[in-house]
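Coordinates in review
Read off the chains here:
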Amino acid sequence: MIRTRDKLGFGLVAMTLAACSAYAADDGAVDRSKLPTPADVVDNASKAEWVEIAPDDLLVMDLPPVATPVGSKPRRVVIQLMPAPFSQGWVGNIKKLAAAHWWDGTAIVRVQDNYVTQWGDPDGEDKAKAKPLPKDLVTVPEENYVSARLQNTTPVGEKTQPAPLFDDLTLAGDSYGKAAGFERGWPFASDGHMIWPLHCYGAVGVGRNTSPDTGTGAELYTVIGQAPRQLDRNIAVVGRVISGMEWLSSLPRGTGALGFYETPQERTPIRSVRLASELPAASRPRFEYMNTGSKSFADYAKLRANRRDSFYNVPAGGVDICNVPVPVRAVKGK
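A brief structural summary. (Residues numbered from 1 in each chain as written. Predicted model: local features only at pLDDT ≥ 70, side-chain atom pairs only at ≥ 80, totals over all residues. Heavy atoms only, no water.)

Here we look at the packing of aromatic side chains
Taken as a whole and assessed by the stated rule, the structure comprises six aromatic pairs. Measuring from centroid to centroid gives 4.9 Å for Phe-182 and Phe-297, while their planes differ by 75 degrees, and the two rings are edge-to-face. Here Phe-297 lies in helix α4 (residues 295-305) and Phe-182 lies in strand β12 (residues 179-183), a separation of 115 residues in the sequence. For the pair formed by Phe-182 and Phe-297, the shared burial category is buried. Ring-pair connections join several aromatic residues into one group, and the members of that group are Phe-182, Phe-297 and Tyr-300. A cation over an aromatic ring shows up here: Arg-240 above the ring of Trp-186, its NZ or CZ 3.9 Å from the ring centre. The ring of Trp-50 is capped by Arg-329, whose NZ or CZ atom sits 3.8 Å from the centre of that ring. (Phe/Tyr/Trp six-rings, centres within 6.5 Å; stacked < 30°, edge-to-face > 60°. Helix = DSSP H or I, 4+ residues; strand = E, 2+ residues; numbered from the N terminus. Buried < 20%, exposed > 50% of the residue type's maximum accessible area, 1.4 Å probe, protein only. Lys NZ or Arg CZ within 6 Å of the ring centre and 35° of its normal.)

Right, dumping it as structure tokens:
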């Protein structure tokens with residue numbers, strides 16, 4: 001890796017072919033069929049390099065089962081909620097809505113190709129028909145779309161300086177900010193003063209009307225196409241789909257404007273939404289993500305930028321932050 005450090009103390013890593021020297025051997029000098037792939041790195045990561053997600057940070061949405069040639073198949077979607085201090089006003093509302101079982105009986109109301117799948121109350125825009133919201137939801141200001149730099153510090157030489165903004169691996173030259181990187185398992189970007197979560201594939205955000213409305217968290221969407229990063233800092237990102245994405249990305253596209261369904265019959269009903277901590281232990285999903293400060297994650301990200309195995313003829317020499325999805329896997333056993 002080639003590291004530089006700017007005046008703000010951010011650890012920047014230039015993701016170039018030269019930076020990935022461990023994988024930059026001449027094609028004629030190595031057997032490329034034996035070079036590792038990103039999947040190899042994930043499979044061989046040690047148990048210590050994985051972090052289990054707390055059940056109170058997992059939102060479980062169950063849709064009606066789908067018929068298959070061999071019988072019905074359950075459709076469960078699991079969402080990991082954004083950790084503190086990011087988006088916590090909206091995340092707090094979402095947890096209150098789940099505790100109130102508010103989403104039960106609502107529906108998926110919009111599927112726009114190469115953009116988003118959205119769910120909530122189909123009558124939410126009609127005050128006379130809208131489902132009443134829990135009374136203790138908070139109104140979150142627009143400035144909470146971003147967060148101040150982490151305040152932890154680390155001694156450097158004789159002075160105490162701000163710690164690097166992100167975990168060890170940071171991507172320089174992000175198109176939507178000064179830098180992009182990973183913090184505690186999540187992708188973020190920064191302008192050098194503030195940081196914000198990103199609209200990568202699978203990201204879950206809060207639907208809203210025009211500014212200054214910021215949404216309550218009752219209407220949510222997930223990205224099902226190319227990352228719409230122009231939404232960053234304009235809408236709250238509150239989580240990401242970590243399991244069951246296929247049930248949201250493969251739904252019929254809406255026939256109305258912006259992909260909204262025009263009739264109730266087109267919608268997919270939502271049976272229930274619960275926090276995993278509310279479910280019986282025997283049916284509670286468990287997941288863990290790769291520590292983005294670990295050596296295996298750094299190796300994985302470098303390979304995402306520069307594939308040298310036999311399938312690739314030309315290494316890319318760089319990678320977009322949204323093309324480095326943080327590995328997440330189900331926890332097996334007790």
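Comments concerning the nonpolar core
Where a protein is soluble and globular, its nonpolar side chains tend to be buried together. Counting 43 residues, the largest nonpolar core has Trp-103, Trp-119 and Val-238 as its most contacted members. Element by element, the count of residues in this core is highest for helix α2 (residues 88-99), at five residues. Each residue touching Val-238, except ones within four places of it in the same chain, is listed here: Gln-80, Leu-81, Met-82, Ser-87, Trp-90, Val-91, Ile-94, Val-204, Gly-205, Val-206 and Leu-220. Formed by 28 residues, the second largest nonpolar core is a distinct cluster that contains Val-60, Ala-189, Phe-287 and Phe-297. (Core = buried A, V, L, I, M, F, W, Y, C linked by side-chain atoms within 4.5 Å. Contact = heavy atoms within 4.5 Å.)

Considerations on the side chain of Thr-37
With respect to the helices, strands and loops of the structure, Thr-37 is situated in the loop between β2 (11-14) and α1 (38-44). Beyond its immediate sequence surroundings of up to four residues, Thr-37 is in contact with Leu-303, Arg-307 and Asp-309.

Quick notes on the sheet that holds strand β6 (residues 107-112)
Read across the open sheet, the nine strands follow the order β18-β6-β7-β16-β15-β17-β5-β4-β19; overall the sheet is antiparallel. The sheet is open, and its two borders are formed by β18 (268-269) and β19 (272-275), each paired with just one other strand. Bridge analysis of strand β4 (residues 58-68) against β19 gives four bridges, and the strand direction is antiparallel. When the sheet's bridge partners are listed, Asp-62 is paired in β19 with Ser-272. (Pairing = 2+ DSSP bridges.)

Here's the deal with the sheet that holds strand β20 (residues 287-290)
Through backbone hydrogen bonds, the strands of a sheet pair up, either in parallel or in antiparallel fashion. If you walk across this open sheet you meet the three strands as β3-β20-β21, and the pairing is antiparallel. Unpaired on one side and paired on the other, β3 (50-52) and β21 (328-330) mark the two borders of the sheet. Averaged over all adjacent pairs, the angle separating strand axes in this sheet is 30 degrees, with direction ignored. Pairing of β3 with β20, which is carried by three bridges, proceeds in the antiparallel orientation. Considered in β20, the bridge of Val-51 is made with Tyr-289. (Axes fitted to C-alpha atoms, helices over the stretch in contact; angles between N-to-C directions.)

In short, shape yes, function no, at least from these values alone.
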